[in-house]
There are 2 protein chains.
Amino acid sequence: MKTHCLKLQPLTKEAFTPFGEVIQTQGRRPVEINYGQTRKYADLARIDVGDEEGAATVHIYRSRPITLPFRIEVMEYHPLGSQAFIPLSRQPFLVIVAPVAETLPFESIQGFLTNGKQGVNLNQAVWHHYQLSLEKTCDYLVIERSGPGGNAIEQRLKKSLLIEEFS
Amino acid sequence: MKTHCLKLQPLTKEAFTPFGEVIQTQGRRPVEINYGQTRKYADLARIDVGDEEGAATVHIYRSRPITLPFRIEVMEYHPLGSQAFIPLSRQPFLVIVAPVAETLPFESIQGFLTNGKQGVNLNQAVWHHYQLSLEKTCDYLVIERSGPGGNAIEQRLKKSLLIEEFS
């Protein structure tokens, strides 16, 4: 079986638009609140979890690091809600995604590397790989949907796809 | 005017129960997900924002530090939704709260110091002081209600209340 390689790109708002939002202060204009003590960067993520009587819930994920090269074997999506990951350890992490589609569009899988301060909010039904830490175990705040109904679809890749070490 | 002093206490789940939830992994049992790569500490905060067609939104607050002693002059509450603060800088911060009441119950104001890893989720309508960082400017992820209706009540203290330096 031929092995395909996934090229990583830096996470930017523009490149990530088809998949969701980059949660970051960079490029955003804050407003001053709290008598000048606080700069508020408002509405950085659209928490879209209301379908079928869903509500927002908050988890912490503690994810062990992977080592590169890493084989992508399975991807998933959540048909009923958005899902946000915000790093609590200021470490870069990987975001592997593909556009909304009934079956996983292998040729459209993209890999992003965060800058350590960025979080992401995946749109409803965007294909993604599970949480991938690099170098050390990291904690992430996760904001997602809680509620009735099946909200996880998983698919195993039919071709071999490898994330290579950074060049 | 006589000056009252607010004694700070370490933030614990038990002591904070009347006001909301402590967002932390400590004392929680995780479940393994993502093929054993991730420990999930589930449902750490009840995001209670649905009243009057509200939805959850996410901000980042960048808060300048205060210096102690610090005079508490004003407190506020949000009648329509919970409000969560999760530190992105792993620095302790102050949480000044008072129980739900129509007018601020001065005698019941309590001050908590986090351990640097803890966040808090304030219940709907709990009186609180605005975000208070210590030592350096820190970022916080804020999860709160967005939607129609007035959701901020503020009250100026009629007595003098001071947070003293740590002894």
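Residues numbered from 1 in each chain as written. Chains lettered and ligands numbered in written order. Predicted model: local features only at pLDDT ≥ 70, side-chain atom pairs only at ≥ 80, totals over all residues. Heavy atoms only, no water.

Caption draft 1: Structural view of the overall build of chain A. Scanning chain A for helices and strands turns up 1 helix and 16 strands. A compact globule built from 167 residues should have a C-alpha radius of gyration of about 15 Å, and chain A, at 16 Å, falls within 12% of that. Based on the C-alpha atoms only, the size of chain A along its principal axes is roughly 60 × 40 × 30 Å. For chain A, the residues scored as buried account for 54% of the 167 residues in total. Of the contacts made within chain A by residues no fewer than 6 positions apart, 83% connect residues no fewer than 24 positions apart. Counting only carbon and sulfur atoms, one obtains 47% of the accessible surface of chain A, whose full area is about 8,100 Å². Of the side-chain charges in chain A, 18 are positive and 18 negative, and the distance between the mean point of each set is 6 Å. (Helix = DSSP H or I, 4+ residues; strand = E, 2+ residues; numbered from the N terminus. Rg over C-alpha atoms; globule rule 2.2 N^0.38 Å. Buried < 20%, exposed > 50% of the residue type's maximum accessible area, 1.4 Å probe, protein only. Contact = heavy atoms within 4.5 Å. Areas by Shrake-Rupley, 256 points an atom, 1.4 Å probe, with all protein chains shown as cover. Lys, Arg positive; Asp, Glu negative; His and termini not counted. Charge placed at Lys NZ, Arg CZ, Asp CG, Glu CD.)

Caption draft 2: Representation of the relation of the copies chain A and chain B in the model. When chain A is fitted onto chain B, the two copies agree to an RMSD of 0.0 Å after a turn of 180° and an axial shift of 0.0 Å. In symmetry terms, the pair is related by a two-fold rotation axis. Minimal C-alpha distance to the rotation axis in chain A is attained by A:Leu88, lying at 2.7 Å. (Least-squares fit on C-alpha atoms with pLDDT ≥ 70 in both.)

Caption draft 3: Structural context of the pattern of salt bridges. Tallied over the full model, the rule gives 12 salt bridges over all chains. Residues B:Arg46 and B:Asp48 are paired through a salt bridge, measuring 3.8 Å at the closest nitrogen-oxygen approach. Residue classification places B:Arg46 among the exposed residues on the basis of a relative accessible area of 52%. A relative accessible area of 22% means that B:Asp48 is categorised as partly exposed. One salt bridge connects B:Arg62 with B:Asp139, and the closest N-O pair in it is separated by 2.8 Å. Here the residue B:Arg62 occupies a position in strand 6 (residues 55-63), and B:Asp139 occupies one in strand 15 (residues 138-146), the gap between them amounting to 77 residues. One connected set of salt bridges, linked through shared partners, spans A:Arg62, A:Asp139 and B:Arg90. (Salt bridge = Lys/Arg side-chain N within 4 Å of Asp/Glu carboxyl O.)

Caption draft 4: Summary view of the pairing of strand 5 (residues 38-46) of chain A. Sheet topology note: the strand 4 (residues 31-33) of chain A/strand 5 of chain A ladder contains 3 bridges and is antiparallel. Paired with A:Ile33 across the strands is A:Thr38, a residue of strand 5 of chain A. What sits between the antiparallel neighbours strand 4 of chain A and strand 5 of chain A is a turn of 4 residues, in which A:Asn34 has the positive phi angle 50°. In this structure, strand 5 of chain A lies alongside strand 6 of chain B, joined through 6 bridges in antiparallel fashion. (Pairing = 2+ DSSP bridges.)

Caption draft 5: Highlighting the side chain of B:Gln24. Residue and element names in this part refer to chain B. Relative to the assigned elements, Gln24 resides in the loop between strand 3 (20-23) and strand 4 (31-33). With a relative accessible area of 11%, Gln24 lands in the buried category. Within the structure, Gln24 has its side chain in polar contact with the side chain of Gln118 (distance 2.9 Å). Setting aside residues up to four positions removed in sequence, Gln24 forms contacts with Lys13, Leu44 and Gln118. (Polar contact = N/O pair within 3.5 Å; in protein donor to acceptor, adjacent residues only side chain to side chain.)

Caption draft 6: Molecular detail of the sheet that holds strand 3 of chain B. Read across the sheet, 7 strands follow the order 4(A)-5(A)-6(B)-15(B)-9(B)-12(B)-3(B) without closing on themselves; strand pairing throughout is antiparallel. With partners counted over all chains shown, the strands left at the sheet margins are strand 4 of chain A together with strand 3 of chain B, one partner each. Here the average twist between neighbouring strands, direction ignored, is 25°. (Axes fitted to C-alpha atoms, helices over the stretch in contact; angles between N-to-C directions.)

Caption draft 7: Here's a closer look at the pairing of strand 10 (residues 93-98) of chain A. Residue and element names in this part refer to chain A. Counting buried residues along strand 10, 6 of its 6 residues qualify, which places the element largely inside the surrounding structure. Burial of the side chains of strand 10 extends over both faces: Phe93, Val95 and Val97 are buried on one face and Leu94, Ile96 and Ala98 on the other. Here 2 bridges tie strand 10 to strand 14 (residues 132-134), and the two strands are oriented antiparallel to one another. Following the sheet pairing, Leu94 is matched in strand 14 by Leu132. Note that strand 10 and strand 11 (residues 110-113) share 4 bridges and pair antiparallel. Residue pairing for strand 11: Val97 is matched across the bridge by Gln110. Here 2 bridges tie strand 10 to strand 13 (residues 127-128), and the two strands are oriented antiparallel to one another. Across the sheet, Ala98 pairs through a bridge with Trp127, a residue of strand 13.

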